[in-house]
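Understanding the architecture of this molecule
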Amino acid sequence: MSPYLRPCQVIFVSLSVSFVLPQQLFVFKYLHSRLIMYTIPSFDPSSEKRDATAIPTNLRDSLSCLDVVWSDMFVTGDSANDSEAAMADFLKGAPAQWLHFNTSEISPFVERDDFGKLIQLIERKKGKSCLITEVSLQYEPGSGGSTLAMQVLWHFRKDLRCARVIDLDAKKLPKQVVDLFLLSNQKTVLLLIDTKENTNNDQPIKNTLWENLIDEIRTREIKTDTPAVIICRTANFPTKDSVEITMKLSPTEKMRFDQKRHELEEKFKEKSQNFHAFNIMQGGFKKEDAEKVITAEMVQHVKNNPKSKSTRLLSFLALINSSVPGSHLSRLSCEEFIAKTGRSSDEENTPLQTTMKPFMDLIVVFSEGKPEKPDYIRMAHPMIADACVKMLTEHNLTRFNIASDFLNSMVKGKERNYMQICKRMLTDRLDTEKYRFSKLILDLLKDRSNALREKQCIDLLELASYLFNKDPFYPQALARLYYIEVKEPDKFYKADHWANIAIDRKRENSHIRDTLGQVHKNHLLNTKPWTDTETVLKIAKSAIKAFEDEAKAAEDESEDNNSFNNRGYFGFLQVCKNIYDLAKKPLEQKICEFISGLKGDVEDRYDFFEWYLAFSRPKINKKDPDYLHNDIVECYKRYFKKQTDEATLNEKKMKSFGGLLHFLQSDASVLKQTFKNPQSDDETQNILYVLANIILMFDEPSERVEELQASLHKLWVSKKQGRSPEFYLLILLLFWFDEAQPRIPNPPDLEDCVNYMAESYEKKYRKYLRGRYLVPLFFLRKESGLVHISKLHQNDDVGSLELLLERDEVSCLQRISGEVKKDLKVFAIRDGKQIQVTPHEPASVCRQGKVSFYLGFNIRGPVAFSIRY
C-alpha cells in the first residue's frame, strides 16, 4: 500500500472502521499506521524542544509543486518488510524513494564525504540574516548526487521544512513555498531543486525563482531574522557555496562502501550481485565493472536475435540513457511497443518482464512515489547504458540504427509523448559555449571509421524534423550541421534551406534567425578566392540582411525573455569586418561603394556595444568573451582608421560616455587637451566634459568640482525630468559626497534625481540590459570623494570585488546610514532626506530597521552593498 494516500482515503477508513470484518482489521491497522504522517517542524520560542505542526488538508492538497518530507514520515508504521524489495530495486539502480530512508534494519545508503560538507553549509546558512540563501550541488548522473541531496533533506526533516520541487511552475511554486514557510509560525524551508535530468541550463530557473520568491515574500510583508528559504540546487558550474560529487571515491568513502557491501551480502546473499548501481560505485566507477554485468548469454541473444522486440527495446533504453543520463521511458510506451510490433518466431505477445527476460538484470522498473505501481523503465546505471551501446555497436546495431528505429517505431504517431526526450537527445547541447551539438550527434560524428557519419546525422535530424513538424530546433540543428561539419560543395545552400524552414516555424524568435546569418557569414568566409565579385556581394548582402532581420526580431521580442539577443548586431559587425579583410586589394569599385554604404551602420552598432559592455556583463562573476570586444574594435578600425589604431580608438571613445569610462583603466592624460574647457551648452557635450574631468581627478586632485557642479546645475534648472541616465548619474556623483559643505546654492534634489534616473533607465536601457549584471561604476569613499571599481581591487577574477564587498569590510569606502521600511525598501539617509537605493543583494533585506551599507552607482542608480542591520 502506498504511503501517499489522499485525504479522502483517511475519511473513508475512519468511517468504515466499525464495519470491517475481522480478517480486514489488519488492513485497516496498516492503512492507519501509514496515514499519520503529515507534520512539519514548528518553532516554539518558549521551549528548546523541537515542535511539530500538522498540515491542514486543504494546504496539503495545494502544495502541488512540492514533494514535502513530513517530519513524522513512516514514524508510526514498521515498513522494514515491505520496503525490502524497494531497497533491492534502489541498490540495483532505481531512483531513491523516501520509503528507502525508513528501515529498522540496515540502511541502503552510504555516506559520501560531501554529505557532511553539505550539512555544514546548510547549518551555516540557517543562521544567516536574509530572505533567501542557497547552496549548490554539482554531480554527474550516476554518481549518487541526487540521492545525496535527498539524504540531506531527510536529515533536516525534523529541523527545517524540507521539500523537493516536482513542478517548476514559475507562478505557483513561489506561493506554495511561502505558504509552507508561514504555516502556523515561520520556519525555514529547505528546498531541493534537482534539474539535472530535466535541463542542461539551470541558471534561468535559478534567477527567475529567486526574483519570484523575493516578490512573494515582500508582497506578504514577511519579516524574518533567519532565511525564509534555503535553496539546495543542482548546478552545472561551481558557485560560491557549492559541493561537488565526483565519479571517484576517497579512501574513507571506499572503506564505508566496502563495509556496506559486506552488510548487504550478509542480508541479501547472492541477490546482492544484482545491485549494479551500488556495486559500480563501490568499485570506484570502473568501466570494466559495468561491462562485466553484460553476460555471455545476453551477448548471444543479441547476436542471434538482433531484430527481436527484446533486443530493440534494450537498444532504445541503452541509447537514451547513454545520450541523456538519468532519462527513462514509460512502462506503458514500452508495453505498447511490444504489443504493436510484429512478433518474431520465438516471442509471444507477453508482458514486459517476460519479453525483456534476457535483459531484466540490466534494467530497473520503478515509480515516482508509488512503489506498488511501477511506471518507468531505464538502465540500471548510465555506465551500463554506455557498455550496452558499445556491445550493440560491435554486433552492427549502431547508434544511428538504434536512433532511427526508435524514431520510427516508438516516436512516430505519438510525438507528443517524446518531445522532451527527443529534443534532449538530438538538439540540446550539454554546454552551449563548449559543444556545438548534442551528445548523440557528437558521438556519431566522432566515429571516424564511419564514412557515412555526416549523412547519418542529417538523416536523423531530417526524420526528427519531419516528425516534429512545428519544432524549429531540428531544422536549426540541421542548418548548423551543414555549415559546420558537412563537406559537400553545396552545403551552404542546403544550410540556407533548413535555416529558413526553422525561421518559418518560429518567425518571431531572434535566436532561430541567428542561424541563417551564421550560414551566410560562414559561406562568405569560405568563398575563396574572391574572383566573382557579384557572387561575393550577393552572399554578403544575404548575411547582412539576415543579421538585420535578427536584430529587428530581438528589438520586438517580449521582455519576458531572460535577456536581449545582441547576436544580430554583433554578427553584422563580423560580416562587415570579413568583407573588408577578404576583398582583394586594392578594392574594386563595387566593393568600395558597398563598404562605404556600411559605415553608418557600423558606427551605430559600435556605439551600441560601447555602452552595452561598459555598463553591464553577463553575470556578476562572468565577463563577455574576449572575441566579442576584439571583433567589434577591429571592425571599427577597418572602417574609420585615420592615423594609428590607438589614435583612432581614442578619438572615438572620447565621443561617448561608455567610451570615456575606458580611460579609467588606461592612460587618461590624453583627455586633458580635449576636455580643457566646456565646449557648448549641449547636454551631451557637457556630460562628456564633466565625466572626463571626474576621470582626470582620480589621477590628479582638482579644484574644479564647483565648476563641474555648476555646469550640471545649469542643465538641471533648465530641465529636471526626461534627461539621460548618464546625466543623473553625474548629478549623483558630484552632489552626493558634497553633503557637508554644498558649493552650489540650492543644489539638485537627489531624491528627485534618483526617481528621474530610474524612469530614464527604463526607457533607454532596460530592454537591452535585462538579465545582465549592471556593473557598479563608482563607489563613495571616506573623506568625501569617489573611487572607481578598478581602483579598489587588483584581483583579476571577474566579480570578486562585488562578492568581497558583501562579505568583508573595505577600509577606504564610506558606510552610509540608512533604513529599511516596512515594505522592505531600502533608503539612504542624507541631509535629513531619505533617498531610495537598490540593494545589491535583495535577499539580504529581511526586516525593517536601521542599516548601514557601502554606496555604489551603476547606470540605473545608487546601489547598497553589504547591508548591515
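In the block above lies the structure referred to throughout.
Figured I'd write up the structure that's included with this text. (Residues numbered from 1 in each chain as written. Predicted model: local features only at pLDDT ≥ 70, side-chain atom pairs only at ≥ 80, totals over all residues. Heavy atoms only, no water.)

Another point: the overall build of the protein chain. Broken down by element type, the protein chain carries 37 helices and 20 strands. Looking at the 869 residues of the protein chain, the share that counts as buried comes to 53%. Residue pairs in contact within the protein chain that sit at least 24 positions apart in sequence constitute 72% of those at least 6 positions apart. Accessible surface computed for the protein chain: about 40300 Å², of which carbon and sulfur atoms make up 49%. (Helix = DSSP H or I, 4+ residues; strand = E, 2+ residues; numbered from the N terminus. Buried < 20%, exposed > 50% of the residue type's maximum accessible area, 1.4 Å probe, protein only. Contact = heavy atoms within 4.5 Å. Areas by Shrake-Rupley, 256 points an atom, 1.4 Å probe, with all protein chains shown as cover.)

It is worth spelling out the pairing of strand β16 (residues 815-820) at this point. Pairing of β16 with strand β19 (residues 849-858) involves 6 bridges; the strand directions are antiparallel. Note that in β19 the partner of V820 across the bridge is G849. Bridge count for β16 against strand β17 (residues 826-830) is 3 bridges, and the pairing is antiparallel. Paired with E819 across the two strands is F827, which belongs to β17. Where β16 hands over to β17, the hairpin turn is made up of 5 residues, of which L824 adopts a positive phi near 65°. (Pairing = 2+ DSSP bridges.)

Let us look at the packing of aromatic side chains. Geometry of an aromatic ring pair is reported as the spacing of the ring centres plus the angle between the planes. Counted by the stated rule, this structure contains 38 aromatic pairs. Look at W98 and W154: their rings are 6.3 Å apart centre to centre, the planes differ by 20°, and that puts the pair in the stacked class. Of this pair, W98 sits in the loop between α4 (84-92) and α5 (113-126) while W154 sits in helix α6 (residues 145-156); the two residues are 56 residues apart in sequence, bridging distant segments of the chain. For the pair shown, W98 and W154 are each scored as buried. Between F608 and W611 the ring centres are 5.0 Å apart and the planes differ by 70°, which places this aromatic pair in the edge-to-face class. (Phe/Tyr/Trp six-rings, centres within 6.5 Å; stacked < 30°, edge-to-face > 60°.)

Once that is clear, we can look at helix α27 (residues 626-640). Look at α27: 22 Å from first C-alpha to last across 15 residues, which is about the 21 Å you get at 1.5 Å a residue. Regarding α27, the residues found buried are L628, D631, I632, V633, C635, Y636, K637, Y639 and F640. Of the surrounding elements, those touching the buried residues of α27 are α25 (567-582), α26 (589-615) and α28 (645-653). (Expected span 1.5 Å × (residues − 1).)

Let us look at the packing of helix α23 (residues 510-525) against α25. When two helices pack together, you describe them by how their axes are tilted relative to each other and by the distance separating the axes. Two elements in contact, α23 and α25, have axes separated by 10 Å at closest approach and are oriented at 10°. With respect to α25, the element α23 is oriented roughly parallel. Here α23 contributes D514, Q518, K521, L524 and L525 to the contact with α25, which in turn contributes R567, Q574, V575, N578, I579 and L582. (Axes fitted to C-alpha atoms, helices over the stretch in contact; angles between N-to-C directions. Parallel < 35°, antiparallel > 145°, perpendicular 65-115°, else oblique.)

The next thing to look at is unusual backbone geometry. One non-glycine residue, F285, adopts positive backbone phi at about 60°. Relative to the helices and strands, F285 resides in the loop between α10 (276-282) and α11 (287-291). Although it is not a glycine, L824 adopts a positive phi angle of roughly 65°. With respect to the helices, strands and loops of the structure, L824 is situated in the loop between β16 and β17.

Further remarks concern the packing of helix α32 (residues 705-718) against helix α33 (residues 725-736). Across the interface, α32 lies against α33 with an axial gap of 10 Å and an inter-helix angle of 135°. Classified by the interaxial angle, the pair formed by α32 and α33 is oblique. For the element pair α32 and α33, the recorded crossing hand is left-handed. Counting all contacts with α32, which are made through L708, Q709, L712, H713, L715 and W716, the residues of α33 involved are F727, Y728, L730, I731, L734 and F735. For the contact of α32 with α33, the per-class residue count stands at 10 nonpolar, 2 polar and no charged. (Left-handed = near helix turned anticlockwise from the far one by under 90°. Nonpolar A, V, L, I, M, F, W, Y, C, P; charged D, E, K, R; others polar.)

Take the pattern of salt bridges next. Tallied over the entire structure, the rule returns 52 salt bridges. One salt bridge connects R261 with E265, and the closest N-O pair in it is separated by 3.3 Å. Here R261 and its partner E265 are both found in helix α9 (residues 251-268), 4 residues apart, which amounts to about one turn of the helix. Residue classification places R261 among the partly exposed residues on the basis of a relative accessible area of 22%. K439 serves as the salt-bridge partner of D443, at 3.1 Å between the closest nitrogen and oxygen. Taken as a pair, D443 and K439 lie in helix α19 (residues 439-446) at a separation of 4 residues, close to a single helical turn. For D443, a relative accessible area of 11% translates into the label buried. Overlapping salt bridges bring together K577, D581, E634, K637 and R638 as one network. (Salt bridge = Lys/Arg side-chain N within 4 Å of Asp/Glu carboxyl O.)

So, on to the environment of H301. You can see H301 is positioned in helix α12 (residues 296-304). On the accessibility criterion, H301 (15% relative accessible area) is buried. Sequence separation between H301 and F359 is 58 residues; the distance between their C-alpha atoms is 9.3 Å.

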